[in-house]
Amino acid sequence: MYYDEDILSMSNNIHKGFFCLLFLYGTLFYIPNSSMAQEQHAEFNGEQLLARFSSAGMTQLSDPQDPYQSNIIGRGRVWGRVKALYQMHPDGDWIEHYDWVDSMRVESPNQIVYTDYKAGMPIQVERIFTKSGKGLDLDIKVQTKMHYPLTLGDLSILLPWSKPSGEDPKQIFEQGFLKHQFLTGNGSYIYFTRANGKGPYLLFSAKPGTRLEYFESEGGQYRVFVHSAVAAAKVKEGSWRLENTSAHLNGVQQEGHSREYGFHMEWVNSYEELRNILVEQGLIDIRVSPGMTLPTGWNGRFALRTKAVIDSIVPEFKEHTQLRSRSTAIPQQHLYEVNFARLGENKLTIYYNHGEQQIMEFFVTEALKTLIEKRTAFITQQQQHRDPSKWYNGLYSIWDMKNKVLRGPDNTDGFDFWWGYVLASDDPALCKAPFVAAKNVYDPVDQEIASLEYYVEHFLWGGLQRTDKETYPYGIHGVPNWHEARDSALRLRSRDYNLDKVKVWRAYDYPHIFMLYYHLFQIAEYYPDKVKYLDAAAYLERAYQTARAYFTYPYEINSWYDTYKWGCYNELVLVPLMADLERYGRTAAAQWLRNEWEKKVKYFVYDDPYPYRSEYSIDRTAFESSYAFAKYGVVTQMKPDQKLWYDRNLHKWYSHPEVSPKDSRKFMDEQLWAGLAVRGWLTPSYYALGSDDSEGGGLSYMARMGGWSILDYGIHFAEKPWDWLQLGYASYLSSYALINSGTPESNYGYWYPGKENDGATGWAFNTKKYGRIWLKDRSVPRGPWNYDGEIDLGNGAIMRMAATLIANDPLFGWIGYGGNLEEHKQQLHIVPQDGLNIRFGIFTGQQRLMVELSRDRFAEAPIITDKNVKQIKLQVDNISGTLHTFDLKLTGTAGSSYQVNVNGKKLTSLKLDEGRESIVPIQLSEKGASIELLKN
């Protein structure tokens, strides 16, 4: 049939114009119907449900048994409002549906229906709230009201939850909630955890047949999308891993003129109950081990617990993926093992119930040891400014992967004035040297150590750090850089206050520097021929004096810096520093630091119910230190005190007449649950599982720093360690996905290809297709930010977390973390490949044992143990190649006794005391040693 194109175009324009006029008419001349003329109210009550409704929608969703009586819905907001965009003609405009509530109907004591519709509008949207068991269902029905077909391009639901805010700790930690999203197509869900980590938690899950595929969170508006073809297409940059769909609706009275979507909401009291509700609702509860960021060659396992029928699981890259099912007798469980060979993102698509599907997202890297070596080499070779004519000579600054260039004070990319801290001070710049130093304790490289000493000599001492000849000796100059901080005139460019004070009050800067000095002390002690600038004793003195300044200047100069009340990353290094001061005969210095450290430990354990804030009301930064304080209090018998210290801000003394390790153990649990509230646990995607969860992912430095507390707790203290080991190790592996590393065949990196970026890394992970980050309100595509910044804080935590572990997991069976496990009847073999090779542990349920080396490393040869942990054989390589002594540190099941044999000869026997270390000095020959542990 022939159509005249001009006539067709005219007809289309008239068609579009008619509906635009009709929409405007309905908007301008809308008169509420009689049923909505007065405000209406209704509520549902149940054992675990209190839902209140106004004429606009649901305004309260609470659990009556909640001891804090909190409301998940933000004040003055409505939960579950729907936004739809539809198109009446393939070439027409996308029109936003009429979303004024036309009627609220209480259909029954258990059901309320809201209708968004005005006579003459093309579509009608109904929101139907129904009590369902202990929870609440939200069903959305979209239908055409005219005889024309239309396309539904977007359909989104607004979920305005109550976030932690303000300065009142009770409001922050008892009334505020944190969001965790798992958007995966069918099977999607979102859950909300209270900021103090205590239940109840709210689960918002898609019903079978309904999918979630996209989200937006700009301007404080959080929307999740059932259909997102229009919203995603508007974002021209970035990538997205889920399909962005639309829906076709036929004209009224025709089959297919309506669509229905459903969601379930329910309060739960534990993570295990949350998992059970997922299964009850027909979704899939997923567990993964050892994580979702995996090196090539590692075997990963995952379990799908569901009532659904699993049709198939299809790898994104079949020719590079080995996928095997494993037998299990556990009801509703489906076990699998996977091994990936292709670097970068790898997706598994789960097809189930003959029509539904969801994805699992993994990330695959090079070997962990390769990643660590590439990263420290890149920092020292590509990120250090070396120009004696510049004030910043020796500075490690940030690398811009997008433009393949080193930024700095003369190449700022817009980070000027106060924002200059990104380039030359504070966490983004100061975290790099301590990470490189920590790595070189275990894997020394001459060029890297020389780079560190160049940094200390030319940038740090007498520049960033005041010398012992200046006022405020050993003080660290703060933002935006030391050059400005030392010059009152230059300081006016960024701030116009406190100009009469020496700018050395930023407490967060100090731990970077005393960590650097402490690890240089270790390097100088272990490898004296590799250091040229100072010897071990001098580095130890610098570490002590910098730590002393940390406890002195910030609080003295600007007491807003509550040094004793805020957790600061890396300050846990003070514990081994104190021990080494005592070992060097510096008893008074060690005791001075111990007194200050214990002030802080006691404050966290006894004096503040919510000591989890830092610079912000709730800060992921806190959960490394809070655990370190708790652990210290558990393994150390502190003394009672009177008037231990005076709080200048609150004008009060702190006293602790009774002090017990049991109190620290109680606090350990409390801070762990609060730490879980900000961590991805039931969010099985590589950018969320184990991560410091924000917007469905994060992978910032706190993925590992807070993750260390999870893993260490599982290793040393958890009665049932399995969940903690799973989550803790996933945290360890997670942010390796940020490192831009690869082979020549992969063009040296997945995120920002090119040999120039091989070994560079991202600061954090953006989970949006393209969106704003907090860094000077810049926008970046999905994936790692193009700058490295603070992430090397998290990389420093590698040295605290890396371990090779064997666990007899109740779900997965015998499984390896940090290497592939092989079973040989009653023997277990695992080759350590955790990146560092200084820790090995085994956990059976009845017995646990952890072995750590103070230096050197386990050989990349099988560690052999029997399944009852009665005999363990380890091979230790000598890294220095010289005769020396190292410490073998053992922890494990309290009361267990082991004989230690070295090269076939008995050395000693010792008894284990849970998390308290038993230490055996061992002389290591140039060729290394064979160590055997025999259970007595």
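The structure presented is a predicted model; accordingly, all values stated were derived computationally and were not measured.

Turning to the domain arrangement of the protein, a few remarks are in order. For the protein, the domain assignment lists domain 1 (42-281), domain 2 (284-365), domain 3 (368-792) and domain 4 (802-935). Centre-to-centre separation of domain 1 and domain 2, based on C-alpha positions: 29 Å. Across the domain 1/domain 2 interface, buried area totals approximately 1500 Å², and carbon plus sulfur atoms make up 39% of it. It is Arg241, Arg275 and Val279 that lose the most area in domain 1 upon contact with domain 2, and together they represent 49% of the buried surface on that side. Close ionic contact of Arg241 with Glu316 constitutes a salt bridge, the shortest N to O distance being 2.6 Å. Viewed at the interface, domain 2 and domain 1 are joined by 12 residue pairs in polar contact (both at pLDDT 80 or more). Of all the secondary structure elements, the ones that give two or more residues to the side of domain 1 that touches domain 2 are strand 12 (185-186) and helix 4 (271-280).

Here the focus is the packing of helix 18 (residues 702-716) against helix 19 (residues 722-734). For the pair helix 18 and helix 19, interaxial distance at closest approach is 8 Å and the crossing angle is 150°. Overall, the two elements helix 18 and helix 19 adopt an arrangement that is roughly antiparallel. Considering how the two elements wind past one another, helix 18 and helix 19 form a crossing that is left-handed. Only Trp724, Leu725, Leu727, Gly728, Tyr729, Ser731, Tyr732 and Ser734 of helix 19 make contact with helix 18, whose side of the interface consists of Ala703, Arg704, Gly707, Ile710, Leu711, Tyr713, Gly714 and Ile715. Within the contact of helix 18 with helix 19, the residues separate by chemical class into 10 nonpolar, 5 polar and 1 charged.

Moving on, we come to unusual backbone geometry. The omega torsion of the bond from Gly199 to Pro200 falls at 5°, within 30 degrees of zero and hence cis. Its location among the elements puts Pro200 in the loop between strand 13 (189-194) and strand 14 (201-206). The backbone of Asp777 sits at a positive phi, close to 55°, despite the residue not being glycine. Turning to its location among the elements, Asp777 is positioned in the loop between strand 34 (765-772) and strand 35 (779-784). Assessed through its relative accessible area of 56%, Asp777 is described here as exposed.

The next thing to look at is the packing of helix 17 (residues 661-677) against helix 18. At a closest axis distance of 10 Å, the pairing of helix 17 and helix 18 adopts a crossing angle of 130°. The orientation of helix 17 relative to helix 18 falls into the category oblique. Helix 17 and helix 18 meet at a crossing whose hand is left-handed. Here Arg665, Met668, Asp669, Leu672 and Leu676 of helix 17 lie close against helix 18, whose contacting residues are Ser709, Ile710 and Tyr713. By residue class, the composition of the contact of helix 17 with helix 18 is 5 nonpolar, 1 polar and 2 charged.

Counting residues in hydrophobic clusters, the biggest one holds 225 residues, and the most contacted among them are Leu888 and Leu933. Not counting the four nearest positions on each side in its chain, Leu888 is found in contact with Val851, Glu852, Leu853, Val900, Ser918, Ile919, Val920, Ile922, Ile931 and Leu933. Core analysis: the second largest hydrophobic core is formed by 58 residues, Ala42, Ala84, Leu136 and Val235 among them.

This part covers the packing of aromatic side chains. In this structure the tally under the stated criterion is 80 aromatic pairs. Ring geometry for Phe378 against Trp399: centres 5.1 Å apart, planes inclined by 85°, an arrangement best described as edge-to-face. Here Phe378, found in helix 5 (residues 368-382), pairs with Trp399, found in strand 28 (residues 399-400); they are 21 residues apart in sequence, far enough to count as distant. With a centroid separation of 4.9 Å and an interplanar angle of 85°, the aromatic rings of Trp560 and Tyr561 are classed as edge-to-face. Stacked on the ring of Trp161, the Lys or Arg Lys163 has its end atom at 4.7 Å from the ring centre. The aromatic ring of Phe415 is capped on one face by Arg778, whose charged end is 4.0 Å from the ring centroid.

A separate point is the confidence of the model for the protein. For the protein, the average pLDDT comes to 93, and 95% of its residues sit at 70 or higher. Scored below 50 in pLDDT, residues 1-37 makes 34 contacts in the model with residues more than four places away or belonging to other chains.

Our next topic: the side chain of Thr293. Note that Thr293 resides in strand 21 (residues 293-295). Residue class for Thr293 comes out buried when judged on its relative accessible area of 3%. Setting aside residues no more than four positions away along its own chain, Thr293 makes contact with Phe363, Thr365, Tyr686, Leu733, Ser734, Tyr736 and Ala737.

This part is about the sheet that holds strand 14. The antiparallel open sheet is built from 8 strands, whose spatial order is 6-7-8-9-19-14-13-11. Edge positions in the open sheet fall to strand 6 (101-108) and strand 11 (177-182), since each of these has one partner strand only. On average, each strand axis in the sheet is tilted by 15° relative to the strand beside it, whichever way the strands run. Contacts from helix 4 reach strand 13, strand 14 and strand 19 (258-268) within the one sheet, and its direction differs from that of strand 19 by about 155°. Set on the sheet, helix 17 makes contact with strand 11, strand 13 and strand 14; between it and strand 11 the angle comes to about 55°.

A few words now on the environment of Ile112. Within the secondary structure, Ile112 is located in strand 7 (residues 111-116). Placed 60 residues apart in sequence, Ile112 and Arg52 show a C-alpha to C-alpha distance of 11 Å.

So, how was this worked out
Residues numbered from 1 in each chain as written. Predicted model: local features only at pLDDT ≥ 70, side-chain atom pairs only at ≥ 80, totals over all residues. Heavy atoms only, no water. Domains from an automatic or database assignment. Buried area = accessible area lost by both parts, 1.4 Å probe. Salt bridge = Lys/Arg side-chain N within 4 Å of Asp/Glu carboxyl O. Polar contact = N/O pair within 3.5 Å; in protein donor to acceptor, adjacent residues only side chain to side chain. Helix = DSSP H or I, 4+ residues; strand = E, 2+ residues; numbered from the N terminus. Axes fitted to C-alpha atoms, helices over the stretch in contact; angles between N-to-C directions. Parallel < 35°, antiparallel > 145°, perpendicular 65-115°, else oblique. Left-handed = near helix turned anticlockwise from the far one by under 90°. Contact = heavy atoms within 4.5 Å. Nonpolar A, V, L, I, M, F, W, Y, C, P; charged D, E, K, R; others polar. Buried < 20%, exposed > 50% of the residue type's maximum accessible area, 1.4 Å probe, protein only. Core = buried A, V, L, I, M, F, W, Y, C linked by side-chain atoms within 4.5 Å. Phe/Tyr/Trp six-rings, centres within 6.5 Å; stacked < 30°, edge-to-face > 60°. Lys NZ or Arg CZ within 6 Å of the ring centre and 35° of its normal. pLDDT = per-residue confidence, 0-100. Pairing = 2+ DSSP bridges.

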